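Report on the structure
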Amino acid sequence: MSYRAVLFDLDGTLLDTLEDLGDSMNAVLAARGFPVHPISSYTGFVGDGVENLVRRALPAGHDAAVVAELLPLMRKEYGTRWKAKTRPYPGIPELLRALSERGLRLSVLSNKPHPATVEVVDHFFAAGTFDLVLGARPGVPIKPDAGAALEVSRKLAVSPEEFLYLGDTNTDMRTATEAGMFPVGAVWGFRTAEELAASGARALVTRPEELLSLL
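For the structure given in this document, a descriptive report is provided here. (Residues numbered from 1 in each chain as written. Predicted model: local features only at pLDDT ≥ 70, side-chain atom pairs only at ≥ 80, totals over all residues. Heavy atoms only, no water.)

Observations regarding the side chain of histidine 37
What counts is decided by this rule: Each helix is a run of DSSP H or I of at least 4 residues and each strand a run of E of at least 2, with the numbering of both proceeding from the N terminus. Any pair of nitrogen or oxygen atoms within 3.5 Å is treated as a polar contact; in protein, a donor-acceptor pairing is required on top of that, and neighbouring residues in sequence qualify only through side-chain atoms on both sides. In this analysis, two residues are considered to be in contact whenever any of their non-hydrogen atoms come within 4.5 Å of each other.
Checked against the element boundaries, histidine 37 lands in the loop between helix 1 (18-31) and helix 2 (50-57). For histidine 37, the side chain forms a polar contact with the main-chain oxygen of alanine 57, separated by 2.6 Å. With residues up to four places along the chain from it excluded, the contact list for histidine 37 reads Asn26, Leu29, Tyr42, Phe45 and Ala57.

So, in structure tokens, the structure goes:
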């Protein structure tokens, strides 16, 4: 297959956002008297949207009302911290340049809310790096639903089978598989190589530049 486009996950794939997410959630938990977590625990909490992050960070047994109470607090807290420690992973800027030089169409699909996704991408990457950036939007199911990935395919006029999909969680691998894209697991991200392989990754890369060997 000759690939014409790459669809990237954001958190854990392009950007190391774990500390800012963990610090934000811990601040909210501490303010409400809940136990906090080591940052390493957040590798298992993130990846499926902020509501699921809040739910997973709470002690077991808390109902939807508690999640609903903490959700806006988490969004507000993260809104003040999202660029404190977050950085692109080493090798990502060079990978993006190499892909652009080869003429590939580049896009981002995140389970972050859409305005936040656009703001984060605009802050950390040069204008014009990506042809399309999409986050979570009202009325559009989040990943692992394949609908938004297929929307990227339609908007870029590139067939799904001509996409490499690079992500770091089982959610990404399931999304890519369902959309008919080629799922590539980013082992530097938040989840393990074993999880990525078990959830459908057809290739695993341990460094960003290894993606080029799949073209």
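Description of helix 5 (residues 114-124)
We apply this condition: Accessible area is worked out with a 1.4 Å probe on protein chains only. A residue is then buried under 20% of its type maximum, exposed over 50%, and partly exposed in between. This arc corresponds to the set of directions leading from the helix axis out to the C-beta atoms.
Buried within helix 5 are the following residues: Thr117, Val120, Val121 and Phe124. Viewed end-on, helix 5 has its buried residues packed into an arc of 95°, placing them on one side of the element. Opposite the buried face of helix 5, by more than 90 degrees, sit the exposed residues Pro115 and Asp122.

Describing empty space enclosed by the protein
Quick reminder of the rule: Throughout, the protein atoms alone are placed on a 1 Å grid, and a set of points is a cavity if a 1.4 Å probe fits but cannot get out or a pocket if it is open with protein on both sides within 12 Å along at least five of seven lines; lining residues have an atom within 4 Å of a point. Grid points are joined across faces, edges and corners, and a volume is the space filled by probe spheres set on the points. Ten residue types, Ala, Val, Leu, Ile, Met, Phe, Trp, Tyr, Cys and Pro, are classed as nonpolar, four, Asp, Glu, Lys and Arg, as charged, and the remainder, Gly among them, as polar.
Applying the stated criterion across every chain yields a total of one cavity of 30 Å³ or more. Looking at the largest cavity, its volume works out to about 50 Å³. As for the largest cavity, its lining consists of Leu109, Ser110, Asn111, Gly135, Ala136, Arg137, Val140, Pro141, Ile142, Lys143 and Ala148. Residue assignment for the lining of the largest cavity shows that the elements contributing at least two residues are strand 4 (105-113) and strand 5 (132-136). At three residues, strand 4 tops the list of elements feeding residues into the lining of the largest cavity. Here the lining of the largest cavity is composed, by residue class, of six nonpolar, three polar and two charged.

Some details on the side chain of serine 107
Secondary-structure assignment places serine 107 in strand 4. For serine 107, a relative accessible area of 0% corresponds to the buried category.

What to know about the nonpolar core
Applied cut-off: Nonpolar core, defined: a set of buried Ala, Val, Leu, Ile, Met, Phe, Trp, Tyr and Cys residues in which side-chain atoms within 4.5 Å join the residues together.
Ranked by size, the top nonpolar core spans 51 residues in total, and within it Phe8, Leu14, Met25 and Phe130 carry the most contacts. It is helix 3 (residues 64-81) that contributes the most residues to this core, six residues altogether. The residues touching leucine 14, leaving out its near neighbours within four places in the chain, are Phe8, Asp9, Arg87, Pro88, Tyr89, Ile92, Leu96, Val108, Phe125 and Phe130. Of all hydrophobic cores here, the second largest spans 16 residues; its members include Leu132, Ala146, Val152 and Ala179.

Describing helix 3
Heads up, the condition is: Between the first and last residue of a helix there are one fewer steps than residues, each counted as 1.5 Å, and that sum is the expected span. Here the bend at a residue means the angle between the axes of two seven-residue stretches, the one that ends at it and the one that starts at it.
Taking 1.5 Å as the rise per residue, helix 3 with 18 residues should run 26 Å; its terminal C-alpha atoms sit 25 Å apart, in good agreement. Along helix 3, the helix axis deviates most sharply at leucine 70, where the bend reaches about 25°; the proline proline 72 sits within four residues downstream. Taken together, the buried positions of helix 3 are occupied by Val66, Val67, Leu70, Leu71, Met74 and Tyr78. Where helix 3 is buried, its residues touch helix 1, helix 2 and strand 4. Near the N-terminus of helix 3, the side chain that reaches the backbone nitrogen of alanine 65, with its oxygen 3.1 Å away, is that of aspartate 63.

Notes on the packing of helix 2 against helix 3
Quick reminder of the rule: Axes, fitted as lines to C-alpha atoms, cover a helix only where it is in contact. Angles between the N-to-C directions of the axes lie from 0 to 180 degrees. In this scheme the crossing of two helices becomes right-handed for a clockwise turn of the near helix relative to the far one and left-handed for an anticlockwise turn of less than a right angle.
Direction vectors running N to C along helix 2 and helix 3 enclose 120°, while the axes themselves pass 9 Å from each other. Crossing of helix 2 against helix 3: the hand is right-handed. Where helix 2 approaches helix 3, its residues Val50, Glu51, Leu53, Val54 and Arg55 are matched on the opposing element by Val67, Leu70, Leu71, Met74 and Arg75. When its residues are assigned to classes, the contact of helix 2 with helix 3 shows seven nonpolar, no polar and three charged.

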